[in-house]
Amino acid sequence: MIQEFFNVGTSSAHVQVAVVIAILVIALVVTFSQKSGPPLEISQLYIYPVKSLRGCRLEKAYIGRYGLLGDRTFCLQRIHRDEDGNLTRHETMLIGYYLQLALFRTAIDLKDQGENMANAQIRVSWHGAGSEFGASDASVDSDQSIQFPLVPSLEGRSEVQVDLHGSSCAAYDMGDEISQWFTDRLGFEIRLVHIGNGSRPVLGTLAPHSRGGLKKARLVRRIRATVPFLAQPEERLAFNDIAHYLVVTEESNRQVSSRLDGDSTMDVTKFRPNIVVQGSPGAFVEDYWGEITFDGGIEMPLTANCYRCQSITVDYDTGKTATDDRGAVWKKLNKDRRVDKGAKYSPVFGRYGYCFESTVGKELFVGQTAQVTYINKERTHFDWPALTTFGVTQTKK
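- Per an unreviewed UniProt entry, the protein chain is named MOSC domain-containing protein, and its organism is Pestalotiopsis fici.

Some details on the side chain of Q77
Thinking step 1. Turning to its location among the elements, Q77 is positioned in strand 5 (residues 74-81).
Thinking step 2. At 2.9 Å, the side chain of Q77 forms a polar contact with the side chain of T92.
Thinking step 3. Apart from the residues within four sequence positions on either side, Q77 is in contact with H90, E91, T92, V162, E189, I190, R191 and V193.

Let's talk about the sheet that holds strand 8 (residues 121-126)
Thinking step 1. Strand order in the open sheet formed by three strands is 7-8-9, and the pairing between neighbours is antiparallel. What marks the edges here is a single partner per strand, and that holds for strand 7 (104-109) and strand 9 (145-149). Averaged over all pairs of adjacent strands, the angle between their axes in this sheet comes to 20 degrees, without regard to strand direction.
Thinking step 2. Packing of helix 3 (residues 176-186) onto the sheet brings it into contact with strand 7, strand 8 and strand 9, and relative to strand 8 it is tilted by some 20 degrees.

Looking at the sheet that holds strand 11 (residues 167-173)
Thinking step 1. Pairing is antiparallel across the open sheet formed by five strands, whose spatial order is 6-5-12-11-10. At either margin of the open sheet sits one strand with a lone partner, and together these are strand 6 (87-92) and strand 10 (159-164). Each adjacent strand pair in this sheet contributes to an overall mean axis angle of 45 degrees, direction not counted.
Thinking step 2. Of the pairings in the sheet, the one linking strand 11 to strand 12 (residues 190-194) comprises two bridges and is antiparallel in character. Bridge assignment links Y172 to a residue of strand 12, and that residue is H194.

Thoughts on the pattern of salt bridges
Thinking step 1. Going through the model one piece at a time under the given rule, you end up with 18 salt bridges.
Thinking step 2. A salt bridge links D324 to R326; the shortest N-O distance between them is 3.0 Å.
Thinking step 3. Of the residues examined, R326 reaches a relative accessible area of 24% and is grouped as partly exposed.
Thinking step 4. Shared partners join several salt bridges into a network, and the residues in it are D173, D176 and R191.

Side note on unusual backbone geometry
Thinking step 1. The backbone of H165 sits at a positive phi, close to 60 degrees, despite the residue not being glycine.
Thinking step 2. For H165, the position within the fold is in the loop between strand 10 and strand 11.
Thinking step 3. Phi at F284 is positive, roughly 70 degrees, even though this residue is not glycine.
Thinking step 4. In this fold, F284 is placed in the loop between strand 16 (275-278) and strand 17 (289-294).

Notes on the state of the cysteines
Thinking step 1. If you walk through the whole model with that rule in mind, you get zero disulfides.
Thinking step 2. For C75, which is in no disulfide, the shortest distance to another cysteine sulfur is to C169 and amounts to 7.6 Å.
Thinking step 3. Classification of C75 by relative accessible area gives buried; the value is 0%.

About the thresholds
Throughout, residues of each chain are indexed from 1 in the direction in which the sequence is written. Reporting of local features is limited, given that this is a predicted model, to residues whose pLDDT is at least 70; pairs of side-chain atoms are given and counted only at 80 or more, and all residues count toward the totals for whole chains, interfaces and linings. Hydrogens and water are ignored here; the side-chain numbers use all heavy atoms of the structure. Secondary structure elements are defined from DSSP: runs of H or I of at least 4 residues count as helices, runs of E of at least 2 residues count as strands, and each element is numbered from the N terminus. Polar contacts here mean pairs of N or O atoms no more than 3.5 Å apart (in protein, one a potential hydrogen donor and the other a potential acceptor; neighbouring residues in sequence count only if both atoms are side-chain atoms). Here, residues are in contact when the closest pair of their heavy atoms is within 4.5 Å. At least two DSSP bridges between two strands are needed for those strands to be called paired. Each axis is a line fitted through C-alpha atoms, and for a helix only the stretch in contact is used; angles between axes span 0 to 180 degrees, taken between their N-to-C directions. Salt bridges are counted wherever a side-chain nitrogen of Lys or Arg sits within 4 Å of a carboxyl oxygen of Asp or Glu. Whether a residue is buried, partly exposed or exposed follows from its accessible area with a 1.4 Å probe, protein chains only, as a fraction of its type maximum: under 20%, in between, or over 50%, in that order. Pairs of cysteine sulfur atoms within 2.5 Å are what we label disulfides.

This is the structure in structure tokens:
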């Protein structure tokens, strides 16, 4: 149908393009005049080079095809073997089940390369010495940090199949030395893998330009998707859980802190956000945000709620559930924040978002302004298959 639409004479094609543009303008005017929200400002930015380890705080970050550049391109695989030592499966390690992963911290070293992250190095440091985790053998390498390229060479590396929430891809094993370093500290067999040039599919209807996502999209996006020079490819993922970005607000985090006893406060990094914004008119109003547009024309549809697992209860000093009131934060939120019918057993905090391929290379930075450019009438419903009870306990089912 689209080909027939454009397979006409030049003058007719010009008229039809003009009609499409007029429709888009009208749709945009209606959208911004009726559904816009408060002005915002980015207060914090984070990437997590190795999935489930603690992240890196940045002042500036760049949009890539699958999220911020450098975000979650590595992950740890726990190796399971049978009683004869034969490999049975790889398990993608998730902090919701392995709180001790919070004892690893990451940092980005740009090696005097300015903002060229292609030449950056990742430094991972272990802060679990003296804890109950890891090997106790005195012969284990005592170096408590390790460094490797953010963008490694893939030449000669073996491929493994990685599954994350039912969405799989091929990844590249980073070799024995690095993997042994993690193994020694966690106390069981680990392989570090890199996604290379691959990607994972988005399941459900979360991807804005998937078939299901477009059915739920507002008029202006559906129109764009039918115009060849405006259409965008369907979004895909690296080792981010289910979306390119997680957006949270300072206002909602302060409200969570108010639920904790005594002097306890909620560390927003336990929610593992990419983008923290301030300026929201109240706590949890972001439940209804459908899109944020950042200064510079960066549109970010927000297509799903983030329902929380047990990782928000971690004590960064012990790698275990906090013994004070911070360890009860999941239960406290669960009393009144089970607001997503698609994930009815867990509390919601934050919104999952995507950026389009046309924004690749643009920058986000602390202090950058943004506008809520669409507000949904109702909360979205989480529909990633077979994931509605993830993280209810620390025991993997």
